[in-house]
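Spelled out, the chains give:
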2 protein chains.
Amino acid sequence: MRSGIKQVAEQAGVSIASVSHVINNTRYVSDEVKRKVYEAMEELDYRPNSAARSLRSQKSNTIGLIVPVLPSDTSNFFFMMVAQGIQYTLKQHGYHLLLSNNTTEQIEDEKEQIKLFNSKLIDGLFIASIAEDVGYLNDIVGSNYPVVFIDRNPTGYIGDCVLADGIGGAYEAVKTLILKGHHRIGLLTGELGITTSNERYDGYKNALADHDIPFDSSIVRMAESNLESGYESAKALLGEQKITALFIANNVLTMGAMKYIQERRIQIPAELAIIGFDDYDWTQITCPPLSVIRQPSYEIGVKAAEVMLERIEKPSTISEEYRLPTSLILRDSC
Amino acid sequence: MRSGIKQVAEQAGVSIASVSHVINNTRYVSDEVKRKVYEAMEELDYRPNSAARSLRSQKSNTIGLIVPVLPSDTSNFFFMMVAQGIQYTLKQHGYHLLLSNNTTEQIEDEKEQIKLFNSKLIDGLFIASIAEDVGYLNDIVGSNYPVVFIDRNPTGYIGDCVLADGIGGAYEAVKTLILKGHHRIGLLTGELGITTSNERYDGYKNALADHDIPFDSSIVRMAESNLESGYESAKALLGEQKITALFIANNVLTMGAMKYIQERRIQIPAELAIIGFDDYDWTQITCPPLSVIRQPSYEIGVKAAEVMLERIEKPSTISEEYRLPTSLILRDSC
DNA sequence: CTGAAAGCGCTTACAG
DNA sequence: CTGAAAGCGCTTACAG
């Protein structure tokens, strides 16, 4: 049997209370007692039982994370990088990360995950919700613990949000294209409704407006975020309209569009200049290597964890939005 | 305050014991009592406190996962797919997954993670260990819970292992190349020592041997698994030796090699036939789309979880190795 | 400066 | 067929 705090106290010849207090540094303990406790802990290879701890203190030191990642989805790597950043930061502070992926992209599934987490007494929740309105969190979470939204900022519930600056990123991409002399700049983006798509759309429009280029809805296409749909949309757009540059506002669509463009042997950037989204390794090995807007995914995770830790320390009824800057990685496609 | 089992018992007018037994289905309870308990639980929106449960039953319903994923590593998507598969399967059985990434690829870090987990009273551990010999698990884990190794089968500790059939995968790739008429088939693989690299190396050699092609060590290269090193190794190999086909035994090296090959405008498959490793989406959009050996990553996760669940049910001192078949995805690079 | 003891919310022998 | 009660291993007022 593993030894508990009682055995440690016995071995050290002090009270259980003292042992607890040296472990948690929660009241003064003389150096002499401390020494004996440390010795005893060492000798017995004592590890606090966190179930008991949680039960008593109503804190679990565990935080849940829900991300939408489909089983076959090789592309939503973004969230996995965020998860890494979160986990790394949490670890430094003695917290654990409970992972849950929403494999169906249904809101019901999302709720189900949260309920599962609830039985675990989590101290906080990170969520990349697929819903625009997360009012349902009022029932399920009900301010029992802080929630930090990542990547998307839904309405209906108060929680901090950390995400990339989609407007700025899109703006920079389009502006770059304009400064290279392009006027007919197409946009291929995810379906509107989801905040990330909306923002990138706005950035696109802003950049055009600031440079006196009229907005032409016939050269912007919304597509479901998957490879096939990126392929088809690129095909349709390039077939129907004459454009000299294309900004593709997410990584899956970028991949799909590139597939079509390479099949057709469209010369990049001579016939078509391209800026894609997300700096995945593979963007270096297309022909030519792709210029992209990089999202600081790992950093988003780190920031989200920091914000969470702070909210756990001192809860609050106001919430903030943290936007991390994107950056343009210039390669040979524009 | 959230209501506990006591409130439910009161509301239902039965004993705490009965409530517990209907929740856990652990002894006969009359339909009448059951009904009242369910009603009360519903009314009070009762959720069992899992900390209390764990403390009492010495079971946490939580399993840890340790994977080596570097912060900047956009390529180790493999483990994330495995994690998805594990999490999905565990969820069906009411288990939670505690995620921990070993960001340093140091064994010390690995031990540290496990110790952290130990305080949490985990019921099992999945690990893709970076060590060849995990004898240190004897001290840290000491058969307190089952461990299931994924992707790599280290020595020094008893635990089941589920991984892809690297020998078979490599064999099939090389055999395919041979049947297409190639005799000078290069190999670019990760550094030996790690079991996955060893196996793919063996598969390569077996295929050659079975087809009476002499093994030529001058056309096989081991490289550190990163993009740059894949690039450099491809450059060196192709510069020094004349080969007509190349099997690249992991995805990062594949990416690195492809970068070099595309820069040099080496015609695939005319000048060089290629089969890569891992079926990532990006392998569809290289020029030309790449033929690859697919590893069933998600399925490995599912299988690992199933094995784990079984070991938790009935512990055992013997261990098995489960090899999931790879498959050849034929595209245009060979 | 330190200890004795209550109690967190469950599960599970024990008793009837 | 069901209930009363011990106890899992901690934290934390309370007391001195």
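Model, not experiment: these values are computed from the prediction.

Here we look at the protein's contact with DNA strand D
Working step 1: As a structural note, the neighbourhood of DNA strand D is formed by 27 residues, with Ile5(A), Ser20(A), Arg56(A), Arg27(B) and Arg56(B) the closest of them.
Working step 2: Near the protein, within 4 Å, the atoms of DNA strand D are sugar or phosphate in 58% of cases.
Working step 3: Within the backbone of Ala52(A), one N or O atom sits 3.4 Å away from a base nitrogen of DNA strand D.
Working step 4: Arg53(A) has a polar side-chain atom sitting 2.8 Å from a phosphate oxygen of DNA strand D.
Working step 5: Of all the secondary structure elements, the ones that give two or more residues to the surface near DNA strand D are helix 2 (16-24) and helix 4 (50-57) of chain A together with helix 2 (16-24) and helix 4 (50-57) of chain B.
Working step 6: For the surface near DNA strand D, the element with the most residues is helix 2 of chain A, which contributes 5 residues.
Working step 7: Each residue belonging to the surface near DNA strand D can be placed in one class, and the counts come to 12 nonpolar, 9 polar and 6 charged.

Describing the relation of the copies chain A and chain B
Working step 1: Once turned by 180° and shifted 0.0 Å along the axis, chain A lies on chain B with an RMSD of 0.0 Å. Accordingly, the operation relating the two chain copies is best matched by a two-fold axis.
Working step 2: A share of 100% of the interface residues of chain A reappears at the interface of chain B, consistent with the copies meeting face to face through the same patch.

A word on helix 10 (residues 227-240) of chain B
All names here are of chain B.
Working step 1: With 14 residues, helix 10 should cover 20 Å at 1.5 Å per step; its first-to-last C-alpha distance of 20 Å lies within 8% of that length.
Working step 2: Every buried residue belonging to helix 10 is among Leu227, Ser229, Gly230, Tyr231, Ser233, Ala234, Leu237 and Leu238, and all of these are buried.
Working step 3: Looking at the buried positions of helix 10, the neighbouring elements they touch are strand 6 (185-190), strand 7 (220-223), strand 8 (245-248) and helix 11 (251-263).

Overview of the pattern of salt bridges
Working step 1: Counting across every chain of the model gives 25 salt bridges over all chains.
Working step 2: Arg152(A) is paired through a salt bridge with Asp151(A); the nearest N and O atoms lie 3.3 Å apart.
Working step 3: With its nearest N and O atoms 3.0 Å apart, the salt bridge here joins Arg35(B) to Glu39(B). Remark: Glu39(B) and Arg35(B) occur in helix 3 (residues 31-44); sequence separation between them is 4 residues, near one turn of the helix.
Working step 4: Classification of Arg35(B) by relative accessible area gives partly exposed; the value is 41%.
Working step 5: Here Glu39(B) falls in the partly exposed class, since its relative accessible area comes to 46%.
Working step 6: Taken together, the shared-partner salt bridges connect Asp165(A), Glu199(A), Glu321(A) and Arg323(A) into one network.

Topic: the state of the cysteines
Working step 1: Inspection of the entire model under this criterion finds 1 disulfide over all chains.
Working step 2: Two residues share a disulfide in this structure: Cys287(A) and Cys287(B), whose sulfurs sit 2.3 Å from each other. On the sign convention where negative is left-handed, the bridge of Cys287(A) and Cys287(B), at about 135° about the S-S bond, is right-handed. Of this pair, Cys287(A) sits in the loop between strand 9 (273-277) and strand 10 (291-294) while Cys287(B) sits in the loop between strand 9 (273-277) and strand 10 (291-294), which puts the two residues in different chains.
Working step 3: Among the residues examined, Cys287(A) registers a relative accessible area of 29% and is labelled partly exposed.
Working step 4: For the unlinked cysteine Cys334(A), the closest cysteine sulfur is that of Cys287(A), found at 16 Å.
Working step 5: Classification of Cys334(A) by relative accessible area gives buried; the value is 14%.

Topic: the sheet that holds strand 7 (residues 220-223) of chain A
Residue and element names in this part refer to chain A.
Working step 1: Strand order in the open sheet formed by 6 strands is 7-6-8-9-10-12, and the pairing between neighbours is mixed. Whereas interior strands pair on both sides, the edge strands pair on one side only; in this sheet they are strand 7 and strand 12 (327-329). Across the sheet, the axes of successive neighbouring strands diverge by a mean angle of 20°, strand direction being ignored.
Working step 2: This element, helix 10 (residues 227-240), spans strand 6 (185-190), strand 7 and strand 8 (245-248) of the sheet and lies at about 160° to strand 7.
Working step 3: Its contacts with the sheet put helix 11 (residues 251-263) on strand 6, strand 7, strand 8 and strand 9, and the angle it makes with strand 9 is roughly 150°.

Describing the domain arrangement of chain A
It is common to give the size of an interface as the accessible area that goes away when the parts come together.
Working step 1: Per the domain assignment, the segments of chain A are domain 1 (5-48), domain 2 (62-164 + 298-325) and domain 3 (166-294).
Working step 2: Put simply, the middle of domain 1 of chain A and the middle of domain 3 of chain A, counted by C-alpha atoms, are 62 Å apart.

Digging into the pairing of strand 2 (residues 96-102) of chain A
For a regular strand, side chains alternate in direction, first toward one face of the sheet and then toward the other.
Working step 1: Along strand 2 of chain A, 7 of the 7 residues are buried, which leaves the element largely enclosed by surrounding structure.
Working step 2: Side chains His96(A), Leu98(A), Ser100(A) and Asn102(A) of strand 2 of chain A all project onto a buried face; the interleaved residues Leu97(A), Leu99(A) and Asn101(A) project onto the opposite face, where all are buried too.
Working step 3: In terms of strand pairing, strand 1 (residues 62-68) of chain A meets strand 2 of chain A through 7 bridges, oriented parallel. Paired with Leu65(A) across the bridge in strand 2 of chain A is Leu99(A).
Working step 4: Two strands pair when backbone bridges link them, and strand 2 of chain A and strand 2 (residues 96-102) of chain B are joined in this way by 3 bridges, in the antiparallel orientation. If you follow Leu99(A) over to strand 2 of chain B, its bridge partner there is Leu97(B).

Some points on the packing of helix 8 (residues 166-179) of chain A against helix 9 (residues 195-210) of chain A
The relative placement of two packed helices comes down to the angle between their axes together with the axis-to-axis distance.
All names here are of chain A.
Working step 1: Viewed as axis vectors pointing N to C, helix 8 and helix 9 meet at an angle of 40°, and their least axial separation amounts to 7 Å. Classified by the angle their axes make, helix 8 and helix 9 are oblique. Along this stretch, helix 8 crosses helix 9, giving a crossing that reads as right-handed. Of helix 9, the residues touching helix 8 (which contributes Gly166, Ile167, Ala170, Tyr171, Val174, Lys175 and Ile178) are Glu199, Arg200, Gly203, Tyr204, Asn206, Ala207, Leu208 and Asp210.
Working step 2: Each residue belonging to the contact of helix 8 with helix 9 can be placed in one class, and the counts come to 8 nonpolar, 3 polar and 4 charged.

Basis of the calculations
- Residues numbered from 1 in each chain as written.
- Chains lettered and ligands numbered in written order.
- Predicted model: local features only at pLDDT ≥ 70, side-chain atom pairs only at ≥ 80, totals over all residues.
- Heavy atoms only, no water.
- Near = heavy atom within 4 Å.
- Polar contact = N/O pair within 3.5 Å; in protein donor to acceptor, adjacent residues only side chain to side chain.
- Helix = DSSP H or I, 4+ residues; strand = E, 2+ residues; numbered from the N terminus.
- Nonpolar A, V, L, I, M, F, W, Y, C, P; charged D, E, K, R; others polar.
- Least-squares fit on C-alpha atoms with pLDDT ≥ 70 in both.
- Contact = heavy atoms within 4.5 Å.
- Expected span 1.5 Å × (residues − 1).
- Buried < 20%, exposed > 50% of the residue type's maximum accessible area, 1.4 Å probe, protein only.
- Salt bridge = Lys/Arg side-chain N within 4 Å of Asp/Glu carboxyl O.
- Disulfide = S-S within 2.5 Å.
- Pairing = 2+ DSSP bridges.
- Axes fitted to C-alpha atoms, helices over the stretch in contact; angles between N-to-C directions.
- Domains from an automatic or database assignment.
- Parallel < 35°, antiparallel > 145°, perpendicular 65-115°, else oblique.
- Left-handed = near helix turned anticlockwise from the far one by under 90°.

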